[in-house]
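Residues per chain are reported as follows:
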Amino acid sequence: MVKGQFSWKDYDAGNTKHEWDLQKIHAAHKVLTEFKYDKNKIEKGFANKTLYINLTTNEIKEKPVTDDMKKKFTGGRGFGLKLLWDSIQPDTRWNSEENDLVITTGPLCGSTQYPGSGKSLCLTVSPSTNIVCDSNVGGYFGPYLKFCGYDALEIQGKAKEDVIIAIDGEASVIRIETAPLEEINTHLVSEQLTYMYSSKDDERSRQRVSVVSAGHGAENSYWGCLNFSFWDIRRKVARIKQAGRGGLGTVLRDKKIKGIVARVDKFTGVENAPENPEAAAKVGTKIQKEIRDLDRYQCNMRQVGTAHLVEIMDAYDLLPCENYRFGSFPKAPKIYSMKFFENFTRVIPDGCWHGCTMACAKTVDSFEVMTGPYKGHKVTVDGPEYETVGCGANMSLWDPKWIIEFNFYCDTYGIDTISSGTAIAYYMEMFEYGILNKERCGGLELAFGNFDAVMQFLHRMADGDTNEFIKVAAKGIRRVKDWLKSKNWGDHQLIEDTGMESKGLEYSEYVTKESLAMQGGYGLTLKGPQHDEAWLIFMDMVNNQIPTFKDKAEALHYFPMWRTWFGLNGLCKLPWNDVEPANNAETDEPSKVPEHLNNYVEYQNAVTGWNINKEELILQSERAYNWQRALNVWMGRGQRRDDWIPYRSMGPVTELEYVSRQERYDKQLAEIINKPLEEIEKMDVGKKVKLVYHHRQNQYQILSDAVYMRRGWTQNGVPTPVKMKQLGFGDEQKMLDFLAKKIQEDEENGLNDWGGVYSGSEEKPSKERRYWESW
Amino acid sequence: MINSKEVIWKKDETISLLLKRMNFVFPMIVVKINGRLIKKDKYSTQLINDNDEISVIHMISGG
Ligand code: SF4
């Protein structure tokens, strides 16, 4: 044991203990269906079956994983897209009977040799966006699902009353049981179910159980997240990780699922049965050592987790403050990572899956809850991670304890901290302008910095409060924009421009105003503005490495394709570039971390027995990525108009914002309109705001033109049959026919044309308007 | 020039001081002077000449 650490048996998290009559709770269950199965042995990372459950009919069955499926979709998120395509219709909505909630694993998921190998990818038709949303999550459920014998779990239909789905890999039986007495909020129900379904009353047995749940907030908002538990034998508490984006928890609760439980009989660390275990171990050992040796000099993830980014974002003017109006704030040092480090429980390594040396999953133990139904309880709070702290800055909450409290309730209520934090920040700005006020907000004084109002809002929402504002606000920024406009309470343009959502999903926590490439990194995405496709701010704004539209388009092709790959395999992205080899700087393309890229090629080959190279790795992603885009188009979205982003993410909406970066904007404006700086400085600020506005809107359209072309799409952002055939979808006739028809319709409607207005030396990406035909 | 942007040159400025002045606090950076990689242990001694082309490449991280 390392000096300073102590035995897990001796540690007491100091949390409030619960007295439940678990026997009585369990005895109230009624088994609706029972399904016995033969557990497939996992071979080379695949269990080769998926599990299908229909809660309307109580049908449970298995579906085969074919070689064709692996070839086209690889695994993980790719499998999810395939299952959704087979099950839903273009007009399927989040609460439709046929909507699928899919939890996938991926061939590398469940390995312990390489750090970050425990991620699941979850997919569904999102309430926020009406298209497929994917969200990744750690915790033990994904690996355990595979060890129970399934590469993915697909849930269709809706139960009539609250149910538990119990997947028992020990007895090879799956049950749907009614669950009338369990709690709903996550920190309670995940603990109850872990105790109830563990085979013995000891810590090791509880560790072999994982629970998926969402709380009351998920029932009453569009921000529901899925909480995946992992039993912490040291703290003796069910820790959680979230699949946060897009309202997956809302769908879980709409299907009346209180919890999905997976239990495994054993866990040896080599369940994935790699083709070449020595090669997998070798590549893993190398990176594990790298993390141990270098993390402390680089991102310090092992000490403070992703919160290390707070001070960096503040220093580079990228921390979203007061609804993204500003990128830094005088009070920001109050929420720098060290302030959270002081609250974190140290001396315990904190991975969200076994074998993750990065161990960035921090907790605050024995946190005394300050508000709401659990006031006075002492609890373990997972996090806060950077994004949640960023939400604090966005709402102007400058006390770490407030952010931890916000974090705790979002988690246990089962709501996404990002969507709720970003949305509340917007409501606060509307409050500041008088577009919202106390009366219109159901009595809430929703001003920036008002912690009490934020917490009251969350509690009332989770409680199912029927006040008009609470109900609309819980559906997110897009619905609030429409509501405010329908009431005619403010300037419609201001309402649209300041609310940070695109496709109906709220932005994550980075200010993008000065990075056009990152605006594309948020807007030209599949599911909406989440930074998991591309994070290009440094490359673009600071390093100046991608100055031309073509360079930016290349980055907006490469990075989304590369990052998609993690989700196909069940991997965490963080060990890719939040630590880097000591000699990374000396490589040709340090931003891609070439050595780690090679690691991943070797790792996938070692587990699956495939023989891919770097290029094929990108191709695996490109297949899934294009399929998801085509799926979006099939559902009536996924086109240029849907890739629209609010102006707040492009530039200064208000004069205040302009003035806060006046020097920068004046200089740019002088170049744009070719006038001396002195003349610009004397111009009216309102006029300058307008000039920048028109220029930047056009820049974004020109960027979209370049990106669509680089990705092999039409000018309306539609993947072409030619491209899909190149990717290996030549026999997917239904999809190919649909795309051909759609492109023809676009042609008739004049949508296959450049979106940008080109002038002077600016060149269109291609001389041919119908460039995509000749590929 | 730093990352192809005009920055005023200061006499006797080392890389460490320049990074401080630019508020480049990110830990994972690569510094090159006129295309030549500078190792981290030289940051506090390596002086910058007028007209040097400096690249301060921030790795991606984050997200
Ligand atoms: S790096 Fe952090 S989030 Fe990723 S797997 Fe490891 S502990 Fe989990």
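Rules and cut-offs
Residues numbered from 1 in each chain as written. Chains lettered and ligands numbered in written order. Predicted model: local features only at pLDDT ≥ 70, side-chain atom pairs only at ≥ 80, totals over all residues. Heavy atoms only, no water. Helix = DSSP H or I, 4+ residues; strand = E, 2+ residues; numbered from the N terminus. Buried < 20%, exposed > 50% of the residue type's maximum accessible area, 1.4 Å probe, protein only. Contact = heavy atoms within 4.5 Å. Rg over C-alpha atoms; globule rule 2.2 N^0.38 Å. Salt bridge = Lys/Arg side-chain N within 4 Å of Asp/Glu carboxyl O. Phe/Tyr/Trp six-rings, centres within 6.5 Å; stacked < 30°, edge-to-face > 60°. Lys NZ or Arg CZ within 6 Å of the ring centre and 35° of its normal. Buried area = accessible area lost by both parts, 1.4 Å probe. Polar contact = N/O pair within 3.5 Å; in protein donor to acceptor, adjacent residues only side chain to side chain. Nonpolar A, V, L, I, M, F, W, Y, C, P; charged D, E, K, R; others polar. Pairing = 2+ DSSP bridges. Axes fitted to C-alpha atoms, helices over the stretch in contact; angles between N-to-C directions. Near = heavy atom within 4 Å. pLDDT = per-residue confidence, 0-100. Domains from an automatic or database assignment.

(A) Molecular detail of the overall build of chain A. When helices and strands are counted, chain A shows 31 helices and 17 strands. Considering only C-alpha atoms, chain A reaches an extent of 75 × 60 × 55 Å along its principal axes. In chain A, which comprises 775 residues, the proportion classed as buried is 66%. Partitioning the contacts of chain A with sequence separation of at least 6, the portion at a separation of at least 24 is 72%.

(B) Region of the structure containing the overall build of chain B. Along the backbone of chain B there are one helix and three strands. Listed by position from the N terminus, the elements making up chain B come as α-β-β-β. Its C-alpha atoms give chain B a radius of gyration of 11 Å, near enough to 11 Å, the size a compact globule of 63 residues would have. If you line up chain B on its principal axes, its C-alpha atoms span 35 × 25 × 20 Å.

(C) Representation of the pattern of salt bridges within the structure. All names here are of chain A. If you walk through the whole model with that rule in mind, you get 69 salt bridges over all chains. Linking Lys39 and Asp265 is a salt bridge whose minimum nitrogen-to-oxygen distance equals 3.9 Å. Of the two residues, Lys39 is situated in the loop between strand S1 (31-36) and strand S2 (49-54) and Asp265 in the loop between strand S13 (257-263) and helix H9 (277-294); the sequence distance between them amounts to 226 residues. Classification of Lys39 as partly exposed rests on a relative accessible area of 32%. Its salt-bridge partner being Glu468, residue Lys487 comes within 3.1 Å of it at the nearest N-O pair.

(D) Molecular detail of the packing of aromatic side chains. Residues and elements named next belong to chain A. Tallied over the entire structure, the rule returns 59 aromatic pairs over all chains. Plain terms: the ring middles of Phe559 and Trp576 are 6.5 Å apart, the flat faces sit at 40° to each other, and that makes the pair tilted. Separated by 17 residues along the polypeptide, Phe559 in helix H22 (residues 549-569) and Trp576 in helix H23 (residues 574-577) bring together distant segments of the chain. Since its relative accessible area comes to 3%, Phe559 is described here as buried. With relative accessibility at 0%, the residue Trp576 sits in the buried group. Ring geometry for Tyr658 and Tyr665: centres 5.1 Å apart, planes at 40°, overall tilted. Taking the relative accessible area as the measure of exposure, Tyr658 reaches 0% and is therefore buried. Taken together, Tyr114, Tyr558, Phe559, Trp562, Trp565, Phe566, Trp576, Tyr600 and Tyr603 form an aromatic cluster joined through their ring pairs. Over the ring of Tyr52 we find Lys61, and its NZ or CZ is 5.0 Å from the ring centre. Over the aromatic face of Trp85 sits the side chain of Lys734, whose NZ or CZ is 4.3 Å from the ring centroid.

(E) Spotlight on the interface of chain A and chain B. Chain A puts 30 residues into the contact, and the matching count from chain B is 20 residues. Roughly 2,200 Å² is buried in total at the junction of chain A and chain B, and carbon and sulfur atoms are behind 60% of that figure. Taken together, chain A and chain B are joined by one salt bridge. Salt-bridge contacts for Glu586 of chain A lead to Lys39 of chain B; the nearest nitrogen and oxygen are separated by 3.4 Å. Linking chain A with chain B are nine residue pairs in polar contact (both at pLDDT 80 or more). Elements with a minimum of two residues in the side of chain A that touches chain B: helix H11 (309-315), helix H21 (537-542) and H22 of chain A. Considering each element in turn, the side of chain A that touches chain B owes the most residues, four residues, to H21 of chain A. Class assignment of the residues belonging to the side of chain A that touches chain B gives a composition of 16 nonpolar, nine polar and five charged.

(F) Inspection of the pairing of strand S3 (residues 54-58) of chain B at higher detail. Residues and elements named next belong to chain B. By the criterion of burial, S3 is predominantly enclosed, with four of the five residues buried. In the sheet, strand S1 (residues 29-33) pairs with S3 via five bridges, with the strands oriented antiparallel. By the bridge assignment, Ile29 is partnered in S3 with His58.

(G) Inspection of the pairing of strand S11 (residues 226-232) of chain A at higher detail. Residues and elements named next belong to chain A. Judged by how many residues are buried, S11 sits mostly within the fold: seven of seven residues are covered. Residue alternation in S11 divides its side chains into two sets, Leu226, Phe228, Phe230 and Asp232 and Asn227, Ser229 and Trp231, and both sets are buried. Bridge count between strand S10 (residues 209-213) and S11: two bridges; the pairing is antiparallel. Among the inter-strand pairings, Ser213 is bridged to a residue of S11, identified as Asn227. As paired strands, S11 and strand S12 (residues 237-243) are joined by seven bridges and run antiparallel to one another. What sits directly across from Phe230, in S12, is Arg239.

(H) Focus on the sheet that holds S10 of chain A. Residue and element names in this part refer to chain A. As summarised here, the arrangement of the seven strands in space is S1-S9-S8-S13-S10-S11-S12, forming an open sheet in which the pairing is mixed. Edge positions in the open sheet fall to S1 and S12, since each of these has one partner strand only. On average, each strand axis in the sheet is inclined to that of its neighbour by 20°, with strand direction left out of account. Contacts between helix H5 (residues 186-197) and the sheet are confined to strand S8 (163-168), strand S9 (173-178), S10, S11, S12 and S13, with S10 contributing the most and set at about 145° to the helix.

(I) Structural detail: the site of the ligand. Residues in contact with the ligand, as listed here, are Gly116, Lys119, Lys241, Gly351, Cys352, Cys356, Met358, Ala359, Cys360, Cys572 and Leu574 of chain A. Of the residues that constitute the shell around the ligand, the class distribution is seven nonpolar, two polar and two charged.

(J) Molecular detail of the environment of Arg208 of chain A. All names here are of chain A. With respect to the helices, strands and loops of the structure, Arg208 is situated in the loop between helix H6 (203-207) and S10. Here the alpha-carbon distance between Arg208 and Phe267, two residues 59 residues apart in the chain, equals 7.7 Å. Discounting chain neighbours no more than four positions away, the residues touching Arg208 are Tyr144, Ala262, Arg263, Val264, Asp265 and Lys266. Of note is the side chain of Arg208, whose polar atom sits 3.2 Å from the backbone oxygen of Asp265.

(K) Geometry of the confidence of the model for chain B. Mean pLDDT over chain B works out to 91, with 95% of the residues at or above the 70 mark. The ipTM for the predicted assembly is 0.93, set against a pTM of 0.96.

(L) Spotlight on the domain arrangement of chain A. All names here are of chain A. According to the domain assignment, chain A contains domain 1 (22-263), domain 2 (299-344 + 383-506) and domain 3 (544-774). Distance from the C-alpha centre of domain 2 to the C-alpha centre of domain 3: 27 Å. For the pairing of domain 2 and domain 3, the buried interface totals around 1,600 Å² over both sides, and the portion due to carbon and sulfur atoms is 54%. When the area that domain 2 buries against domain 3 is broken down by residue, the three leading residues are Arg325, Asp497 and Lys503, summing to 34%. Taken together, domain 2 and domain 3 are joined by four salt bridges. Linking Arg648 and Glu429 is a salt bridge whose minimum nitrogen-to-oxygen distance equals 2.7 Å. For the pair domain 2 and domain 3, the interface holds nine residue pairs in polar contact (both at pLDDT 80 or more). When residues of the side of domain 2 that touches domain 3 are traced back to their parent elements, those giving at least two are helix H19 (492-498) and strand S16 (501-502). Within the side of domain 2 that touches domain 3, the residues separate by chemical class into seven nonpolar, eight polar and eight charged.

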